[in-house]
Amino acid sequence: MLKSPDQPLKVAILVCPGYAIMDVIGAHSVFGIAPNAEVHLIWKDLAPFDAMPRFPTTPTATFASCP
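Undergrad: Help me get a handle on the sheet that holds strand 1 (residues 9–14), residues and values and all.
TA: Where strands meet in a sheet, backbone hydrogen bonds hold them as pairs that are either parallel or antiparallel. Taken in spatial order, the 3 strands make up an open sheet running 1-2-5, and their pairing is parallel. On the outer flanks of this sheet lie strand 1 and strand 5 (61–62), each paired with one strand and no other. Sheet topology note: the strand 1/strand 2 (residues 37–43) ladder contains 6 bridges and is parallel. Within strand 2, the position partnered with L14 by the bridge is I42. Strands in contact with helix 1 (residues 25–33) are strand 1 and strand 2; relative to strand 2, the strand with the most contacts, it is inclined by about 145°.

Undergrad: Give a description of the side chain of H40 that names residues and reports values.
TA: Summarising the element assignment, H40 is placed in strand 2. On the accessibility criterion, H40 (15% relative accessible area) is buried. At 3.3 Å, the side chain of H40 forms a polar contact with the side chain of E38. In this view, H40 contacts V11, A12, I13, T60 and P67; residues no more than four positions away in its chain are not counted.

Calculation rules
All residue numbers refer to position in the chain's written sequence, counted from 1. pLDDT decides what is reported in this predicted model: residues at 70 or higher carry local features, side-chain atom pairs at 80 or more are listed and counted, and totals for whole chains, interfaces and linings draw on all residues regardless. Side-chain numbers come from the whole structure's heavy atoms, not from hydrogens or water. Following DSSP output, two strands are said to pair if at least two bridges run between them. Going along the chain from the N terminus, every DSSP run of H or I of four or more residues is numbered as a helix, and every run of E of two or more is numbered as a strand. Residue contacts are counted whenever heavy atoms from the two residues lie within 4.5 Å of one another. The angle between two axes is taken between their N-to-C directions and runs from 0 to 180 degrees, where each axis is a line fitted to C-alpha atoms and a helix contributes only its stretch in contact. Burial classes follow relative accessibility: with a 1.4 Å probe on protein chains only, a residue under 20% of its type's maximum area counts as buried, one over 50% as exposed, and anything between as partly exposed. Polar contact criterion, stated in full: a pair of N or O atoms within 3.5 Å, where within protein one must be able to donate a hydrogen and the other to accept it, and residues adjacent in sequence count only if both atoms are side-chain atoms.

Take it as geometry only, folks, not as evidence of what the structure does.
See below:
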């Protein structure tokens, strides 16, 4: 079933301490510039952590709060 253009596309990207930034940045870039899209970085809590190589990351939603 196709989504109505009025409904936002909700995208969740799972991240964790030590994740490889190159595995996430492409998808985040594509969906981040898409019209009417919401991109969420998901982890168990909202505490900041580092990717690998060192790239500070703060999740935007938890498993429980993911839309």
